[in-house]
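# Structural description and commentary
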Amino acid sequence: MSGRILVAGASMGGLRAAEQLRAAGWTGAIAVVGDEPHMPYNRPPLSKEVLAGKAPFESLAFTPKAAAADVEWRLGTKAVAARLDERTVELDDGSSLSYDGLVAATGMRPRRLSCPGPLTGRHTVRTLADAQGLRDELTRPGARVVVVGAGFIGCEVAATAVGLGVREVTVVDPLPLPMVGPLGDLLGRALLKRHEERGVRFALGTGVAGFEGGDRVTGVVLDDGTVLPADVVVESVGSIANVEWLDGNGLDLSDGVLTDAQLRAGGRPEVVAVGDVARFPNARYDGVPRRVEHWSIPTDTAKHAAKVLVAHLARAGAELAPFAPLPTFWSDQHDFRLQSFGSPVLGKDDVRILDGDPEGDVLVGYHTGGRLVGVVALGGQAAALSAARYRSQLIKQPALTA
């Protein structure tokens, strides 16, 4: 095969795409472009081991498979504009790359609060530089930390900060419980209790109106006028898909890159999307396109999209079965772990305890129409293993009707 496949995005999704293109039989050129200066690395430890000072960068970096050793990496530069009809992508260094096939793997960036107040002392956690900068702040003696957002990253950062000995850690969220969006009330209440027992404070049911301070933040002003003293603020309020470089090409970019069930974007067989920027219908469930920001998704999407793209470029006629991954995630907080298989968010209206007790190790099932669609374990290693036993059952579940 001749020609070039361009992978826009050099994180885990971009690396897995390059590897899977080779595995699918592509022998032509592959170029990967990405804005960070580093080769792809593992992001989940950033809010835990890296922030705690327990993991150097060398332990995070992925080692590309031997088959992808000839891939061209253009790091420290990013895609800024695409002309899909012309099959070219412009980079921020002024150069332009042509392609025969394009993989959109540009991922997400942290959403920032638009409240008035100083910027210095406010942090996000997405990159290695973010985690390193935040760690320097958390290890200052007497630091008072306010985490805005009680989702995965917010809860992990709060737990890590307490473990570092930070004297005051407060989590703010407009929702009534931590992680209630993806997990529901039952586990939200269990998480709240566990965090509070370990020293994390919460201000729930309220948002942030602004920040106090001159050159640097000194306090967080809540919607009700309460001011929380703060030397360090961590903003964990969601993500924004990096899709601006694809503007003007007729794609649906309202929430990531909308694809069909084969991960093809906008009806273009030469353009696929992978990782958490891809908004795809999961044939395992109800066919509604969704983005999935779980660690397993870059590998799952890359494997399927690579086969689809290579088959198109090789002019192979066979169509693959629709993409139907089983989402998987975990989250380590304090001395316990959340382990999930399936899609709990689809079954929050019917939540049942499968084993254990919320006061200790517990396994929870999420159901739609009486059908199990997700399991989440909270607790120690035994609970996580209990969740894993349901994996094959979830894989065998028939698709939900729309």
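Below is a short write-up of the structure. (Residues numbered from 1 in each chain as written. Predicted model: local features only at pLDDT ≥ 70, side-chain atom pairs only at ≥ 80, totals over all residues. Heavy atoms only, no water.)

Another aspect to go through is the overall build of the protein. Within the protein, the secondary structure is distributed over 8 helices and 27 strands. Relative to a compact globule of 402 residues, whose C-alpha radius of gyration would be 21 Å, the protein shows 22 Å and is just as compact. A principal-axis box enclosing the C-alpha atoms of the protein has dimensions of 60 × 55 × 35 Å. Across the 402 residues that make up the protein, the buried fraction comes to 52%. A sequence separation of at least 24 residues applies to 63% of the contacts in the protein between residues at least 6 apart. A total accessible area of about 16800 Å² is found for the protein, and carbon and sulfur atoms account for 50% of it. Of the side-chain charges in the protein, 42 are positive and 47 negative, and the distance between the mean point of each set is 4 Å. (Helix = DSSP H or I, 4+ residues; strand = E, 2+ residues; numbered from the N terminus. Rg over C-alpha atoms; globule rule 2.2 N^0.38 Å. Buried < 20%, exposed > 50% of the residue type's maximum accessible area, 1.4 Å probe, protein only. Contact = heavy atoms within 4.5 Å. Areas by Shrake-Rupley, 256 points an atom, 1.4 Å probe, with all protein chains shown as cover. Lys, Arg positive; Asp, Glu negative; His and termini not counted. Charge placed at Lys NZ, Arg CZ, Asp CG, Glu CD.)

What follows concerns unusual backbone geometry. Of note, the phi angle at Arg87 is positive, near 55 degrees, even though the residue is not glycine. Judged by its relative accessible area of 29%, Arg87 is partly exposed. Phi angles above zero are rare outside glycine, and Arg315 is one such case at about 60 degrees. Turning to its location among the elements, Arg315 is positioned in the loop between helix 6 (297–313) and strand 23 (328–333). Owing to a relative accessible area of 75%, Arg315 belongs among the exposed residues under this scheme.

Of all the 5 residues making up strand 1 (residues 4–8), 4 are buried; the element is thus mostly covered by neighbouring parts of the structure. Sheet topology places strand 1 next to strand 2 (residues 29–34); 5 bridges connect them, and they run parallel. Counted as the bridge partner of Ile5 is Ile30 from strand 2. Since strand 1 and strand 2 lie parallel, the crossover through helix 1 (residues 12–23) that links them has a hand, and here it is right-handed. Pairing of strand 1 with strand 7 (residues 101–104), which is carried by 4 bridges, proceeds in the parallel orientation. Along strand 7, the bridge assignment pairs Ala8 with Ala104. (Pairing = 2+ DSSP bridges. Right-handed = clockwise from strand over helix to strand, strands pointing away.)

At their nearest, the axes of helix 1 and helix 6 sit 8 Å apart, and the two run at 40 degrees to each other. Between helix 1 and helix 6, the angle is such that the two are oblique. At the point where helix 1 passes helix 6, the crossing takes the right-handed sense. Contacts between helix 1 and helix 6 involve Met12, Gly13, Arg16, Ala17, Gln20 and Leu21 on the former and, on the latter, Pro298, Thr299, Ala302, Lys303, Ala306, Leu309 and Val310. Grouping the constituent residues of the contact of helix 1 with helix 6 by class yields 8 nonpolar, 3 polar and 2 charged. (Axes fitted to C-alpha atoms, helices over the stretch in contact; angles between N-to-C directions. Parallel < 35°, antiparallel > 145°, perpendicular 65-115°, else oblique. Left-handed = near helix turned anticlockwise from the far one by under 90°. Nonpolar A, V, L, I, M, F, W, Y, C, P; charged D, E, K, R; others polar.)

One can find Asn242 in the loop between strand 17 (239–241) and strand 18 (257–258). Beyond its immediate chain neighbours, meaning those up to four positions away, Asn242 contacts Thr106, Gly107, Met108, Arg109 and Val277.

Counting through the fold element by element, Thr170 comes out in strand 11 (residues 168–173). A relative accessible area of 10% places Thr170 in the buried class. The contacts of Thr170, once residues within four sequence positions are left out, are Val145, Val146, Val147, Arg201, Phe202, Ala203 and Leu228.

Another point: the pattern of salt bridges. With the rule as written, the count across this model stands at 27 salt bridges. For Arg264, the salt bridge identified is with Glu319, shortest N-O distance 3.0 Å. With Arg264 in strand 19 (residues 264–265) and Glu319 in the loop between helix 6 and strand 23, the pair connects residues that are 55 residues apart, well separated along the chain. Judged by relative accessible area, which is 52%, Glu319 ranks as exposed. (Salt bridge = Lys/Arg side-chain N within 4 Å of Asp/Glu carboxyl O.)

Buried within helix 2 (residues 128–138) are the following residues: Leu128, Ala131, Leu134, Glu137 and Leu138. Buried residues belonging to helix 2 abut strand 9 (122–123), strand 10 (144–148), helix 3 (152–163) and strand 16 (232–235).

All right, on to the sheet that holds strand 2 then. Strand pairing in a sheet relies on backbone hydrogen bonds, with the paired strands running either antiparallel or parallel. Strand order in the open sheet formed by 6 strands is 3-2-1-7-20-19, and the pairing between neighbours is mixed. Looking at the sheet topology across the chains shown, the edges are occupied by strand 3 (72–75) and strand 19. Pairing geometry for strand 7 and strand 20 (residues 268–273), over 3 bridges, is parallel. Note that in strand 20 the partner of Ala104 across the bridge is Ala273.

Here helix 6 contains 17 residues, and its C-alpha end-to-end distance of 24 Å stays within 8% of the 24 Å for a straight helix at 1.5 Å per residue. Those residues of helix 6 not exposed but buried are Ile297, Pro298, Thr301, Ala302, His304, Ala305, Ala306, Val308, Leu309, Val310 and Leu313. Tucked into the core, helix 6 has its buried residues touching strand 1, helix 1, strand 7, strand 19, strand 20 and strand 21 (278–281). Trailing helix 6 by a residue or two, Arg315 shows a phi angle of about 60 degrees, which is positive. (Expected span 1.5 Å × (residues − 1).)

The next thing to look at is the packing of aromatic side chains. The tally for this structure, following the rule as stated, stands at 4 aromatic pairs. Here the aromatic rings of Tyr41 and Phe57 are separated by 5.6 Å at their centres, their planes lie at 75 degrees, and the arrangement is edge-to-face. Pair noted here: Tyr41 is in the loop between strand 2 and strand 3 and Phe57 is in the loop between strand 2 and strand 3, with a separation of 16 residues, a long-range link. Look at Tyr41 and you get buried, because its relative accessible area is 4%. Geometry around Phe62 places Arg16 over its ring, the cationic atom sitting 4.8 Å from the centre. A cation over a ring is seen here: Arg194 above Phe336, with NZ or CZ 5.6 Å from the ring centre. (Phe/Tyr/Trp six-rings, centres within 6.5 Å; stacked < 30°, edge-to-face > 60°. Lys NZ or Arg CZ within 6 Å of the ring centre and 35° of its normal.)

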